[in-house]
Amino acid sequence: MPSKQHEDKIEEIKREILARSMDWKIKKNFLIWLPKDNIFGSIDLTGFKKQSPFSPAEAEAYEIEEANGSSQVHRNFEKLEQFKKSFPTNVRVRTCQLNANEDHKIKCLRWRN
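No experiment lies behind these values; they were computed from the predicted model shown.

**Student:** Requested: an account of the sheet that holds strand S2 (residues 39-49), with residues and values cited.
**Tutor:** Read from one edge to the other, the open sheet built from 4 strands follows the order S1-S2-S3-S4, with strand pairing classed as mixed. The open sheet has two free edges, formed respectively by strand S1 (24-34) and strand S4 (92-99), since each of these has just one partner strand. This sheet shows a mean twist of 30° between the axes of neighbouring strands, independent of strand direction. Here 8 bridges tie strand S3 (residues 58-65) to S4, and the two strands are oriented parallel to one another. Across the sheet, Glu 65 pairs through a bridge with Asn 99, a residue of S4.

Given below as structure tokens:
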């Protein structure tokens, strides 16, 4: 069961994505097929934006690690890599893996324009 800190971080990121514009849609616990393990995995939070005349379609995925979740780091990385592979090349796909106590605006800054 996710910790309060984990859930709070998901809500914080969700609010930030939705504040960008009404074009963004959010999905918590997004299912992704993991062919290596032959099972579905769940990504904590995803955001999607349709293509517009002025910008490409975008997809973002966030995996938030529990404070004691070191055993999940590799599996969550695999989920994010599979998420990237799930979209055509004309979609801007970004992923971020962070701990529940990290600031996503700093940790995920490397791919924000």
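Now that the structure is up, let's keep going.
**Student:** Describe the pattern of salt bridges, naming the residues involved and giving the relevant values.
**Tutor:** Scanning the model with the defined rule gives 13 salt bridges in all. The salt bridge involving Lys 36 is made with Glu 78; its shortest N-O contact spans 3.7 Å. Of this pair, Lys 36 sits in the loop between S1 and S2 while Glu 78 is found in helix H2 (residues 73-85), placing the two residues 42 residues apart along the sequence. With relative accessibility at 67%, the residue Lys 36 sits in the exposed group. Given the relative accessible area of 19%, Glu 78 is considered buried.

**Student:** Hey, could you go over the environment of Ser 52 for me, with residue numbers and the actual values?
**Tutor:** Along the chain, the position of Ser 52 falls in the loop between S2 and S3. Between the C-alpha atom of Ser 52 and that of Ile 26, which follows or precedes it by 26 residues, the distance is 18 Å.

**Student:** Let's hear about H2: which residues, and what values?
**Tutor:** At 3.6 residues per turn, the α-helix brings residues three or four places apart onto the same side. Under the 1.5 Å per step criterion, the end-to-end length of H2 is 19 Å for 13 residues, consistent within 8% with the ideal 18 Å. Every buried residue of H2 is listed here: Asn 76, Glu 78, Lys 79, Leu 80, Gln 82 and Phe 83. Contacts from the buried residues of H2 go to S1, S2, S3 and S4.

**Student:** Before we move on, can you summarise helix H1 (residues 4-20) with the specific residues and values?
**Tutor:** With 17 residues, H1 extends 25 Å from end C-alpha to end C-alpha; this agrees with the ideal 24 Å at 1.5 Å per step. Regarding H1, the residues found buried are His 6, Lys 9, Ile 10, Ile 13 and Ile 17. An end-on view of H1 places all buried positions within 100° of arc, on one side of the element. Opposite the packed face of H1, turned more than 90 degrees from it, sit the exposed residues Lys 4, Arg 15 and Ala 19. At its buried positions, H1 is contacted by S1, S2, S3, S4 and helix H3 (104-107).

What counts and how
- Along every chain, residues carry numbers that run from 1 in the direction the sequence is written.
- Totals for whole chains, interfaces and linings use all residues, but because this is a predicted model, local features are given only for residues with pLDDT of at least 70 and pairs of side-chain atoms are given and counted only at 80 or more.
- Heavy atoms from the whole structure form the basis of all side-chain values; hydrogens and water molecules are not counted.
- What makes two strands pair is DSSP finding at least two bridges between them.
- The secondary structure listing takes helices from DSSP runs of H or I that are at least 4 residues long and strands from runs of E that are at least 2 residues long, numbered from the N terminus.
- Every axis corresponds to a line fitted to the C-alpha atoms, with the helix fit spanning only the stretch in contact, and the corresponding angles, defined between N-to-C directions, vary from 0 to 180 degrees.
- Between Lys or Arg on one side and Asp or Glu on the other, a salt bridge is scored when a side-chain nitrogen of the former is within 4 Å of a carboxyl oxygen of the latter.
- Note on exposure labels: buried denotes an accessible area under 20% of the residue type's maximum, exposed denotes more than 50%, and partly exposed covers the range between, all computed with a 1.4 Å probe on protein chains only.
- Multiplying one less than the number of residues by 1.5 Å gives the expected span of a helix.
- Note on definitions: a residue-residue contact is assigned when non-hydrogen atoms from the two residues lie within 4.5 Å.
- In this context, the arc is that of the directions from the helix axis out to the C-beta atoms.

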